[in-house]
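Residue-level listing of the chains:
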Amino acid sequence: MINFLKKIDRKMAIYLGIAIGSIIFLIILLIVLKSAVGTRINTKTFEKKLETAAKDYYKKYDKKIPKTNGDKTSISIDDLVDAGYLKDPNKLLKKGITCEGGVNVSNNNGYYLYQPVIECSDGYSTNVLYKKILENNKNRQERDGLYKINNYYLFRGEQVNNYVKFAGKMWRILRINEDNTVRLILADKIDSVVWDDRYNDTKNDSVGKNDYEISRIKQVLNDYFTDSDLKYFSSEDKALIVPTELCIGARNELFSLNDGSIECSKKTEKYPIGLLQVNEYPIVSLDENCRNISDIQCINYNYLANFNSFWTITPDSTNTYKVYRVSGTARSSNANSYAQPRMVINISPDALCSEGNGTYEKPYIIK
């Protein structure tokens, strides 16, 4: 009897061991399968991995990176895979998902912007700022809003949803340029300064000279960008600002041509920050009687008219010491008077929008 019980105990132990071994095997198998599935990533994570791969690629092939300020290049997903810097997306992404696109690399003011731009089969696409603005304004039915003029889009009117938060400050969108850069003007108040206060031989007085290239205000704008103590822009912010030629042509107050041809008859080299051209003020107004820059009607239906007194970049062609400033209307003023230097910048077409709809309460957030 005892031997019989021992045989049963032995068999039970064997069966129990087999059962426990099977369970352990199944657990290990599940862990392996789960781990294999876990290596597959979603499209948002893939976008970040794509940026890292591009940075690693250009770190090795640094001769291919754009060296000239304002230049741009790009590399595709396939190129990064072929070069060995990115795993095959079919093995990386969750099953059934495919993505197209790549990484745009820009040299803006000596700062490099690496921006993945992708579209994927699961409906995910990179949330680019200018596309978001166009999407939000495609069904405009009111007078105030975004107008297509020639090859660019311009915000016109008074109650327009064109607020943007960038570099910790509030801005207004002037327009989307032909190259899809987004032109902004500072909406937050800023300390007033003189445009210039140098001695002017024609007036025998320190009323200033209206040549932008040698002006005090050019140095002020340069300091906003370069002076680390002022802390206006971080390195990441600077990489998003596209350097642009500034239009500094002089104009007569009586001219009614507002297409920018007068102002852009003379240009500077590329700078990161400028000021509003005086012709950009009247074209925002929806009043049909706003023709000349000094017409009082230009204050109607014009969000720029709500700003406190601010400088433009445009000199008066009738003398050497006056510059246009906007204070309700655009008027020629002595360069040594005071007004706010509301910065105007152009944001990269690759800039992303993390949230917002352009209202003051929910401005577009540039990331």
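To be clear, the structure that these remarks concern was listed above.
Report follows, based on the coordinates. (Residues numbered from 1 in each chain as written. Predicted model: local features only at pLDDT ≥ 70, side-chain atom pairs only at ≥ 80, totals over all residues. Heavy atoms only, no water.)

Examining the overall build of the chain
Move 1: Regarding its fold elements, the chain presents 7 helices and 18 strands.
Move 2: Going through the 367 residues of the chain one by one, you find that 47% of them count as buried.
Move 3: Put simply, 61% of the contacts in the chain that link residues at least 6 apart link residues at least 24 apart.
Move 4: Of the roughly 19,400 Å² of accessible surface on the chain, a fraction of 49% belongs to carbon and sulfur atoms. (Helix = DSSP H or I, 4+ residues; strand = E, 2+ residues; numbered from the N terminus. Buried < 20%, exposed > 50% of the residue type's maximum accessible area, 1.4 Å probe, protein only. Contact = heavy atoms within 4.5 Å. Areas by Shrake-Rupley, 256 points an atom, 1.4 Å probe, with all protein chains shown as cover.)

Quick notes on unusual backbone geometry
Move 1: A positive phi angle is found at Asn180, which is not glycine, with a value near 75°.
Move 2: For Asn180, the position within the fold is in the loop between strand S7 (169-176) and strand S8 (182-186).
Move 3: Residue Asn180 is classed as partly exposed on the basis of its relative accessible area, which comes to 26%.
Move 4: With a phi angle near 50°, Asn204 is a residue other than glycine that sits in the positive phi range.
Move 5: Following the sequence through the fold, Asn204 ends up in the loop between strand S9 (193-194) and helix H6 (216-226).
Move 6: For Asn204, a relative accessible area of 57% translates into the label exposed.

Regarding the sheet that holds strand S3 (residues 111-120)
Move 1: Read across the sheet, 3 strands follow the order S1-S2-S3 without closing on themselves; strand pairing throughout is antiparallel. With one partner strand each, in any of the chains shown, strand S1 (72-76) and S3 form the two edges of the open sheet. This sheet shows a mean twist of 20° between the axes of neighbouring strands, independent of strand direction.
Move 2: Strand direction decides the pairing type here: strand S2 (residues 99-108) and S3, joined by 10 bridges, are antiparallel. Within S3, the residue paired with Cys99 across the bridge is Cys120.
Move 3: Of the strands in this sheet, S1, S2 and S3 are in contact with helix H2 (residues 43-60), which crosses S3 at around 140°. (Pairing = 2+ DSSP bridges. Axes fitted to C-alpha atoms, helices over the stretch in contact; angles between N-to-C directions.)

Remarks on the pattern of salt bridges
Move 1: In total, this model carries 11 salt bridges according to the counting rule given.
Move 2: Across the pair Arg251 and Glu263 runs a salt bridge, and its minimum N-O distance is 2.8 Å. In this pair, Arg251 is assigned in the loop between strand S10 (244-247) and strand S11 (267-271) and Glu263 in the loop between S10 and S11, connecting sequence segments 12 residues apart. Of the two residues, Arg251 and Glu263, both sit in the buried class.
Move 3: Salt bridges here are not isolated pairs; linked through shared partners, they connect Arg175, Arg183 and Glu280. (Salt bridge = Lys/Arg side-chain N within 4 Å of Asp/Glu carboxyl O.)

Some words on a negative patch on the surface
Move 1: On the surface, Asp78, Asp79, Asp82, Glu100 and Glu119 cluster together to form a negatively charged patch.
Move 2: Residue position: Asp79 is located in helix H3 (residues 77-82). (Patch = residues over 30% accessible without salt bridge, like charges linked within 9 Å, V, L, I, M, F, W, Y side chains within 5 Å. Lys, Arg positive; Asp, Glu negative; His and termini not counted. Charge placed at Lys NZ, Arg CZ, Asp CG, Glu CD.)

Quick word on H6
Move 1: Every buried residue belonging to H6 is among Ile217, Leu221, Tyr224 and Phe225, and all of these are buried. Projected onto a plane normal to the axis of H6, the buried residues spread over an arc of 95° and lie on a single side.
Move 2: In this fold, the buried residues of H6 make contact with S9, helix H7 (235-240) and strand S12 (310-315).
Move 3: Backbone nitrogen of Lys218 and a side-chain oxygen of the N-cap are separated by 3.2 Å at the start of H6; the cap is Ser215. (Arc of directions from axis to C-beta. Polar contact = N/O pair within 3.5 Å; in protein donor to acceptor, adjacent residues only side chain to side chain.)

Re the environment of Ser256
Move 1: Relative to the elements of secondary structure, Ser256 occurs in the loop between S10 and S11.
Move 2: Separated by 34 residues in the primary sequence, Ser256 and Cys290 place their C-alpha atoms 9.3 Å from one another.
Move 3: When residues no more than four places from it in sequence are discounted, the contact partners of Ser256 are Arg251, Arg291 and Asn292.

Here's the deal with the state of the cysteines
Move 1: Taken as a whole and assessed by the stated rule, the structure comprises 3 disulfides.
Move 2: Between the sulfur atoms of Cys99 and its disulfide partner Cys120 the distance amounts to 2.0 Å. On the S-S bond that ties Cys99 to Cys120, the torsion sits near 110°, and the link is right-handed. With Cys99 in strand S2 and Cys120 in strand S3, this pair connects stretches of sequence that are 21 residues apart. We note that Cys99, like Cys120, is buried. (Disulfide = S-S within 2.5 Å.)

What to know about the environment of Thr359
Move 1: Within the fold, Thr359 resides in the loop between strand S17 (353-355) and strand S18 (364-366).
Move 2: Under the relative-accessibility criterion, Thr359 is labelled buried at 18%.
Move 3: C-alpha of Thr359 to C-alpha of Val160: the two residues are 199 residues apart in sequence and 7.8 Å apart in space.
Move 4: Setting aside residues no more than four positions away along its own chain, Thr359 makes contact with Asn161 and Tyr163.
Move 5: Among the polar contacts made by the side chain of Thr359, one reaches the side chain of Asn357 at a distance of 2.8 Å.

A short note on the pairing of S2
On a regular strand, one side chain projects to one face of the sheet and the next to the other, so that they alternate.
Move 1: Among the 10 residues of S2, 8 are classified as buried, and the element is accordingly described as predominantly covered.
Move 2: Bridge count between S1 and S2: 5 bridges; the pairing is antiparallel. Across the sheet, residue Thr73 finds its bridge partner in S2, namely Val105.
Move 3: Counting the residues in the hairpin turn of S2 and S3 gives 2 residues, including Asn109, whose phi is positive at 65°.

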